[in-house]
Amino acid sequence: MKISLAKPGKLADENDLIIALTFKLKQDDIKQTTKNTVKTSPVKISKNIKELDEKLNSLFLSSAQDEGFLGDEGQEFITNTLGQIKAKSIGLLGLGDAHDQTLDSFRKIAALAFKLAHRKRAKTVGIMVPDKVTLPWFDIVSAVAEGLHLSNYRFDRYRRRDDKGFAIKEIEIYLPSQAIQDQKTALMRAQTVAQGVCLARDLINEGPMELNPEKFAQEAHKIAQESGLTIEIFDEKKLKKEKMNLMLGVAQASLMTIPPRLIKLHYKPAKPSKRKIVLVGKGVTFDSGGLDLKSSEGMLEMKTDMSGAAAVLGTMYAIAKIQAKVEVIGYMACVENGIGPHSYHPGDIITSRKGITVEIANTDAEGRLVLADTMTYAIDNDQPDTIIDIATLTGSIVIALGQKMAGIFSNDDALCDAIIQSGKMAGESFWRMPLTPGLKEIIKSPLADIKNCGDRYGGSITAALFLQEFVDQGIKWAHLDIAGCANNHKPYGYIPSGGVGFGVRTLVDYVMGQ
Ligand code: ZN
Ligand code: ZN
């Protein structure tokens, strides 16, 4: 599907379907006069659509009014043009109140336009953006294009060919003359970011037999070549040499057949930067729970336990393509938490790379072990000023926040605020959770320096407190627990069912803002 900007002055009616996005109208924005002509406020209904309305004998807007179209969020009015103009159908989609406009309202409306085009089987679509907006045009064009690209995602590699259905060929975005300048960069950026998200979605949706750590590393290798990132892949021997015993402990059950891989991608900007940001993603390609085996129900979606690593890969791809100004190093800690005669056990005491000894209280709390060693390695080797880890870490965060919001824990207010703000721009919600000092008691071990989990209460917080033990003083750190948002059951807006690619757009926005 191609998305482009309509050339100035081009008539929208050369498309199969025309959709005009419209803010909420006041009653007197559409006034019907006796001669069946409509006077509309120049602010609310775009000039383009009024021109088309004239060609339709001014019946289009008056019918919209008759049907009670007022531009409420998500409201739709669509009609057949019966051969009066070239386009077969023409419609209005409501954006809601102009005072509450957010970038996400443009993404969501783009998703609705996409669905409408599918319903109408329109191969070519013209989308008209309102004449007056309060947000920067660059961001609006990006948001509309992003919403369209993200809606166009399908994981259909296992579907038979004849199952694949209808596809839209081209969507043109019509902008008012004052906005036309060069918005091509906005389109490019939206496409790149959406590619990063869809890359993550593909990896999440793939089964664990197909996407094991080695395959993940191969995918990362392809992406590195395509986007000019340098890549290092650590196999089990290198992990042993680097004393990453926590990660190896998790990997042990599957070591011979499904060995772990730590993947490091390095992005260096053209001009050297002072900032150095490390991203660490949990890449448990399948989490059986280990000897503390999960229930069937609990295990069902555990192929998605690598969503953090997928988000890091998607982010690295996008920031390299759109050339961020800061240095970013992305780690994907990929391992299967399997089960077998070599499984690590509850009761094992493992010395981490950092030297902290960890009593394994539950083999299903493996994500934090993998992240801990990886963060230590990153701190030792890259001396970052900022570390952001992203992981489907705990069920507790899902209990606390539900499935439409991720938890963020941080030792730095400014970093935390910046990520939450980036999330708002991206339409991904984060809620700050506390690093309650009093709960450290829970992960104290009588035998070792620390244990990998405590009781159920405050489980997402104790997981974060565990990770914090591995973050050196002076390093800004944020931990994103995306367990609730990584995998979606019921599609909505531009979010499909299955892998969401959650976090990519927030992290790209954060990095690009530095
Ligand atoms: Zn687990
Ligand atoms: Zn896990």
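Predicted model only: the values in this text are computed from it and were never measured.

Basis of the calculations
- Residues numbered from 1 in each chain as written.
- Chains lettered and ligands numbered in written order.
- Predicted model: local features only at pLDDT ≥ 70, side-chain atom pairs only at ≥ 80, totals over all residues.
- Heavy atoms only, no water.
- Donors = N, O, S within 2.8 Å, 3.2 Å for Na, K, Ca; no water.
- Tetrahedral: all angles 85-135°; square planar, octahedral: opposite > 155°, others 65-115°.
- Helix = DSSP H or I, 4+ residues; strand = E, 2+ residues; numbered from the N terminus.
- Buried < 20%, exposed > 50% of the residue type's maximum accessible area, 1.4 Å probe, protein only.
- Core = buried A, V, L, I, M, F, W, Y, C linked by side-chain atoms within 4.5 Å.
- Contact = heavy atoms within 4.5 Å.
- Pairing = 2+ DSSP bridges.
- Axes fitted to C-alpha atoms, helices over the stretch in contact; angles between N-to-C directions.
- Salt bridge = Lys/Arg side-chain N within 4 Å of Asp/Glu carboxyl O.
- Phe/Tyr/Trp six-rings, centres within 6.5 Å; stacked < 30°, edge-to-face > 60°.
- Lys NZ or Arg CZ within 6 Å of the ring centre and 35° of its normal.

Colleague: Explain the coordination of the zinc ion (ligand 2) here, please?
Modeller: Put simply, the ideal angle at a metal is 109.5 degrees for four donors in tetrahedral geometry and 90 or 180 degrees for six donors in octahedral geometry. Taken together, the protein donors to the zinc ion (ligand 2) comprise Lys282 (NZ), Asp287 (OD), Asp305 (OD) and Glu366 (OE), at separations of 2.0 to 2.5 Å. One can describe the donor arrangement at the zinc ion (ligand 2) as irregular, given that its 4 donor atoms subtend angles of 84 to 177° at the metal. When the donor residues of the zinc ion (ligand 2) are listed from N- to C-terminus, their spacing reads K-x4-D-x17-D-x60-E. Between the zinc ion (ligand 2) and the zinc ion (ligand 1), the interatomic distance is 3.1 Å, and Asp287 donates to each metal, bridging them. Residue Lys282 is located in strand E11 (residues 276-287), and its partner Glu366 is located in the loop between strand E14 (357-359) and helix H11 (367-382); the two are separated by 84 residues in the primary sequence. Taken as a pair, Lys282 and Glu366 share a single burial class, namely buried.

Colleague: Would you mind showing me how to read the coordination of the zinc ion (ligand 1) here?
Modeller: Every protein donor of the zinc ion (ligand 1) is listed here as Asp287 (OD), Asp364 (O), Asp364 (OD) and Glu366 (OE), and their distances to the metal cover 2.0 to 2.1 Å. Given 4 donor atoms and angles of 72 to 169° at the metal, the environment of the zinc ion (ligand 1) is assigned as irregular. The sequence pattern formed by the donor residues of the zinc ion (ligand 1) is D-x76-D-x1-E. Owing to a relative accessible area of 2%, Asp287 belongs among the buried residues under this scheme.

Colleague: When you look at the nonpolar core in this model, what are you seeing that I'm missing?
Modeller: Within soluble globular proteins, side chains that are nonpolar tend to cluster in buried spots. Counting 62 residues, the largest nonpolar core has Phe216, Leu313, Met316, Met332, Ile388 and Leu480 as the members making the most contacts within it. Element by element, the count of residues in this core is highest for helix H10 (residues 307-321), at 10 residues. Contacts of Leu480, omitting those with residues within four sequence positions, involve Ile388, Asp389, Ile390, Ala391, Gly407, Ile408, Ile419, Phe430 and Leu507.

Colleague: Looking at this model, I keep getting lost on unusual backbone geometry. Mind explaining?
Modeller: Its identity as a non-glycine residue notwithstanding, Ser58 has a phi of 55°, on the positive side. Given the relative accessible area of 11%, Ser58 is considered buried. The phi dihedral of Lys243 is positive, around 55°, even though this residue is not glycine. Mapped onto the elements of the fold, Lys243 is located in the loop between helix H7 (236-241) and helix H8 (245-251).

Colleague: Is there a simple way to explain the sheet that holds E11 in this structure?
Modeller: The pairing of strands in a sheet comes from backbone hydrogen bonds and takes either a parallel or an antiparallel form. One open sheet holds the 8 strands; their spatial order is E9-E10-E12-E11-E15-E19-E16-E17, and the pairing between them is mixed. The open sheet has two edge strands with one neighbour each: strand E9 (230-234) and strand E17 (430-432). With strand direction ignored, the average angle separating the axes of adjacent strands in the sheet is 20°. Strand direction decides the pairing type here: E11 and strand E12 (residues 327-337), joined by 11 bridges, are parallel. Along E12, the bridge assignment pairs Gly281 with Met332. Those strands touched by helix H15 (residues 504-512) are E11, E12, strand E15 (386-391), E17 and strand E19 (476-481), and its axis lies near 170° from that of E15.

Colleague: Explain the pattern of salt bridges to me, please; I cannot follow it from the model alone.
Modeller: Where charged atoms of side chains with opposite charge meet at close range, the side chains can pair. On inspection of all chains with the given rule, the structure shows 30 salt bridges. Glu242 is the salt-bridge partner of Arg353, the closest N and O atoms lying 2.8 Å from each other. Separated by 111 residues along the polypeptide, Arg353 in the loop between strand E13 (349-351) and E14 and Glu242 in the loop between H7 and H8 bring together distant segments of the chain. Residue classification places Glu242 among the buried positions, given a relative accessible area of 16%. Taken together, the salt bridges that share partners define one network made up of Asp104, Arg107, Lys108, Glu146, Glu428 and Arg505.

Colleague: Got a minute to help me understand the packing of aromatic side chains in this structure?
Modeller: The full count for this structure, using the stated rule, is 7 aromatic pairs. Considering the side-chain rings of Phe23 and Phe106, the 6.2 Å spacing of their centres and the 85° angle between planes classify their relative orientation as edge-to-face. With a gap of 83 residues between them, Phe23 in strand E2 (residues 17-23) and Phe106 in helix H3 (residues 103-119) connect regions that are remote in the sequence. Since its relative accessible area comes to 0%, Phe106 is described here as buried. With a centroid separation of 6.0 Å and an interplanar angle of 55°, the aromatic rings of Phe155 and Tyr158 are classed as tilted. Relative accessible area serves as the criterion here: at 23%, Phe155 is assigned to the partly exposed category. Members of the aromatic cluster, joined through ring pairs, are Phe234, Tyr331 and Tyr377. One Lys or Arg, Lys238, reaches over the ring of Phe234 and ends 5.0 Å from the middle of that ring.

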